[in-house]
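What follows is the residue order along each chain.
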Amino acid sequence: MDTPTLLAHLHHHDTALSLPRGACLRWDDADLHRAAHTGDPEGYALLGLAPGVRPWQRARVLLQILAASQAGLDDRARAVQARVARVLTLGLPPAHVITVLLALRRLRANHKHTTRTALRFVLEHPAADALIAARRPALRDCFEHALGAATARGCAGRIAGGDTASDYLQRRLLRFLTDPAAAPARVQALYDAGKAAAATPGGDHAAVGEPVLPVDPARQRPSTITATNRGDIAATLVHLYRGGPSEDLYAALGRYVGAAAAAFPRFTGTVALVLDASASMRGYGDREWAALSQAAALRMVLSQVCARLEVIETGGDERAPRGATDLATGVLDALGADPDLVAVVSDGYENVFPGDLAKVVASLPDAGVTTPVVFCHALFTGSDDLTLRRPAPSLPQRGFWHQDDFAELLPWMFGHCEAGAPWLRAALHDRLDALDRQADTLTARIAA
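Residues numbered from 1 in each chain as written. Predicted model: local features only at pLDDT ≥ 70, side-chain atom pairs only at ≥ 80, totals over all residues. Heavy atoms only, no water.

Attention now goes to the overall build of the chain. In terms of helices and strands, the chain carries 20 helices and five strands. Considered along the principal axes of its C-alpha atoms, the chain spans approximately 85 × 50 × 35 Å. For the chain, buried positions account for 52% of its 448 residues. A separation threshold of at least 6 residues defines the contact pool for the chain, and within that pool the share at least 24 residues apart is 76%. Between the mean site of the 46 positive side-chain charges and the mean site of the 48 negative ones, the chain shows a separation of 10 Å. (Helix = DSSP H or I, 4+ residues; strand = E, 2+ residues; numbered from the N terminus. Buried < 20%, exposed > 50% of the residue type's maximum accessible area, 1.4 Å probe, protein only. Contact = heavy atoms within 4.5 Å. Lys, Arg positive; Asp, Glu negative; His and termini not counted. Charge placed at Lys NZ, Arg CZ, Asp CG, Glu CD.)

Structure follows, in structure tokens:
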């Protein structure tokens, strides 16, 4: 599995899956997803939970892991896929999940894990009653595909006649569920519009459109972005750079960096960080210190996350930006540290021999250098114009302007190097564990 390519695709490609009437499923990147799943089923499923993955890409991951056979997978891989499927059915907009389940019907894909996931979504989703009222024909189709039309209708007929726990229902339906007691009324609602409406008095369909378990936490954006509202670490650094009282600020800085670094596993490899500390990184006016403080915040977090961090400053240092930007020499010096990854952190203004970084990067393969090099854009906002700020367009590039961006930036960075593979897997397992706990809490609250 080509992790950097796949992760970039998951972050940027958000074309919807579509099911044209009477035509094949439109899934424009199916080959990429199938190849990635075949190469590493567990790692592929976990990547669907990576921070910043687009909703329709998460829907594709759900579709792929439900459509594929689990023959030959070990218990661990099967368990991870089941947990990811559960999180995604709660963490995606219900309409996305319904599209996936209908796509499985169109593909005639039905395995035991497919049946289990589909039935739990249709009958146990926290908004199941509202969903059935709003999308009853579609969910009935999903229910019938999961069990087979004859079996589904047989179960519905028995339930309509008063059967709620017979051996027949147990073997054909209830054994797939975690809350069998709730199933009979919802099965009746699937086949009876009147019962569906009665289950949601007042027509409460508000929950139908939104995920009940957001995979990525909502991020509050300030209406006006300044140098000091881009995260606690950068804000504290700006106050220090401006000459604020240092003792309390340094104590706070240590706490903020420690808390941010604690969110990530330990990276056992070596990162060489080429840090642009030139005059342009300092900025001026309302933006003074904004880019440099965010770059320094990243450096501080990496210093606690990485077993070995080599920092090569170019254009000055963090407290005295004074010179021009020579990124090419910085990269060459960084490669001398024999790192697993070189990360260039800059605002993108290369004013010593413009184009030199691009030439150096292009020459590395011919020189036998295989160390991955990535470019991290220090931005003022997420919508900065980078037209004149791409000194090496061939490099993998990602921007960051807020401390919250580190959640996406670090997996993207480490995903480019071999030493980052175990780190990324550990980080995504931690994320799955956290989402699992949230799902358990949500389910328990609704049951109560």
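Attention now moves to the nonpolar core. Counting residues in hydrophobic clusters, the biggest one holds 122 residues, and the most contacted among them are Leu173 and Phe414. The element contributing the most residues to this core is helix α16 (residues 290-305), with 10 residues. Discounting chain neighbours no more than four positions away, the residues touching Phe414 are Phe267, Val271, Leu302, Val305, Cys306, Leu341, Gly420 and Trp423. (Core = buried A, V, L, I, M, F, W, Y, C linked by side-chain atoms within 4.5 Å.)

Position of Val271 relative to the elements: it lies in strand β1 (residues 267-276). On the accessibility criterion, Val271 (0% relative accessible area) is buried. Separated by 31 residues in the primary sequence, Val271 and Leu302 place their C-alpha atoms 8.6 Å from one another. Ignoring sequence-local partners within four residues, the contact set of Val271 consists of Cys306, Arg308, Leu309, Glu310, Pro339, Leu341 and Phe414.

Taking strand neighbours across the sheet as the criterion, the five strands line up as β2-β1-β3-β4-β5 in an open arrangement whose pairing is parallel. The open sheet has two free edges, formed respectively by β2 (306-314) and β5 (397-400), since each of these has just one partner strand. Between one strand axis and the next, the sheet turns by 25 degrees as a mean value, whatever way the strands run. Bridge count for β1 against strand β3 (residues 341-346) is five bridges, and the pairing is parallel. Each bridged residue has a counterpart across the sheet, and for Leu275 the counterpart in β3 is Val345. (Pairing = 2+ DSSP bridges. Axes fitted to C-alpha atoms, helices over the stretch in contact; angles between N-to-C directions.)

So, on to a positive patch on the surface. Together, Lys112, Arg116, Arg120 and Arg175 make up a region of like positive charge exposed at the surface. Position of Arg116 among the secondary structure elements: in helix α7 (residues 112-124). (Patch = residues over 30% accessible without salt bridge, like charges linked within 9 Å, V, L, I, M, F, W, Y side chains within 5 Å. Areas by Shrake-Rupley, 256 points an atom, 1.4 Å probe, with all protein chains shown as cover. Salt bridge = Lys/Arg side-chain N within 4 Å of Asp/Glu carboxyl O.)

We now examine helix α18 (residues 356-363). Taken as a whole, α18 has its buried residues at Leu357, Val360 and Val361. All buried residues of α18 fall inside an arc of 100 degrees around its axis, so they share one side. Structural note: α18 exposes Lys359 and Ala362 on the side pointing more than 90 degrees away from its buried face. Elements in contact with the buried residues of α18: α17 (327-335) and β4 (373-378). (Arc of directions from axis to C-beta.)

Function cannot be read off these values alone, since they describe shape.
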